[in-house]
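The chain contents come next:
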Amino acid sequence: MKKNYKLLISFLFVLLFTSVSAFSQQITKFCVVDTAKVYNAYFRNSAAVRNYESKRADFQQEINKKTDELRELQKKKLDYESQGNDTQALKIEAEITKKKDYLTEYTNAKNAELESLQRSLKTSDDFYKKLYNVLEKIAEAGGYSMILSLQESNAILWYSPTVDITDQVIKQLGLNN
């Protein structure tokens, strides 16, 4: 009877140990993805991003042009002051102030326009639908119970590079690194 009792206890111990280890394996599998890297790879060659980059370059070119004009006016003002022509120096000073105000308003307006364009790019429904479909497929195929975004890194204190599936996501979206 004692032999059967010991065998039963041993069997229960082994069963308990295997069920605990199997349970712990199911809840610990996770991976991370760098959504900013995926986003950049996805939109790198899109027409919308090319349009954004073109506008940004145009705006910067106009800002540079206006800044150069201000420098030239500053030089003129210094020349008039060195010649003792205070009347012309004051006129140039007024023009400088007017152009600085315009440049500030222009810069603010164009930055707001660029930010709006960038926000619309980042909230593209097509991109996120494709991304979530790919993430779902990778999670199911890899047995992951959770995928974390590296952009929300305040919740991730450390991770092993072996759980980073960013390149796999980019590949499955049909993008090149």
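Heads up: the structure comes first, above all this text.
Here the structure is a predicted model, which means the values were calculated and not measured.

All right, on to the overall build of the chain then. Across its full length, the chain holds 6 helices and 2 strands. Counting from the amino terminus, helix and strand elements in the chain follow one another as α-β-α-α-α-α-β-α. Residue burial in the chain is summarised as follows: out of 177 residues, 23% are buried. Here the analysis covers contacts within the chain between residues at least 6 apart in sequence; of these, 80% occur between residues at least 24 apart. Split by element, the accessible area of the chain, about 13,200 Å² in all, is 55% carbon and sulfur.

Before going further, it helps to spend a moment on the nonpolar core. The biggest cluster of nonpolar side chains holds 32 residues, and the ones touching the most others in it are Val38, Phe43, Phe127, Ile165 and Val169. Elements with a minimum of two residues in this core: strand 1 (30–33), helix 2 (35–43), helix 3 (47–83), helix 4 (86–122), helix 5 (125–142) and helix 6 (166–172).

Let's shift gears to the pattern of salt bridges. Using the criterion set out here, one finds 10 salt bridges in the structure. Note that Arg56 is salt-bridged to Glu53, the shortest N-O span being 2.9 Å. With a gap of 3 residues between them, Arg56 and Glu53 both fall in helix 3, about one helical turn apart. Looking at Glu53, the relative accessible area reads 34%, which means it is partly exposed. Linking Lys77 and Glu93 is a salt bridge whose minimum nitrogen-to-oxygen distance equals 2.6 Å.

Cut-off values and rules
Residues numbered from 1 in each chain as written. Predicted model: local features only at pLDDT ≥ 70, side-chain atom pairs only at ≥ 80, totals over all residues. Heavy atoms only, no water. Helix = DSSP H or I, 4+ residues; strand = E, 2+ residues; numbered from the N terminus. Buried < 20%, exposed > 50% of the residue type's maximum accessible area, 1.4 Å probe, protein only. Contact = heavy atoms within 4.5 Å. Areas by Shrake-Rupley, 256 points an atom, 1.4 Å probe, with all protein chains shown as cover. Core = buried A, V, L, I, M, F, W, Y, C linked by side-chain atoms within 4.5 Å. Salt bridge = Lys/Arg side-chain N within 4 Å of Asp/Glu carboxyl O.

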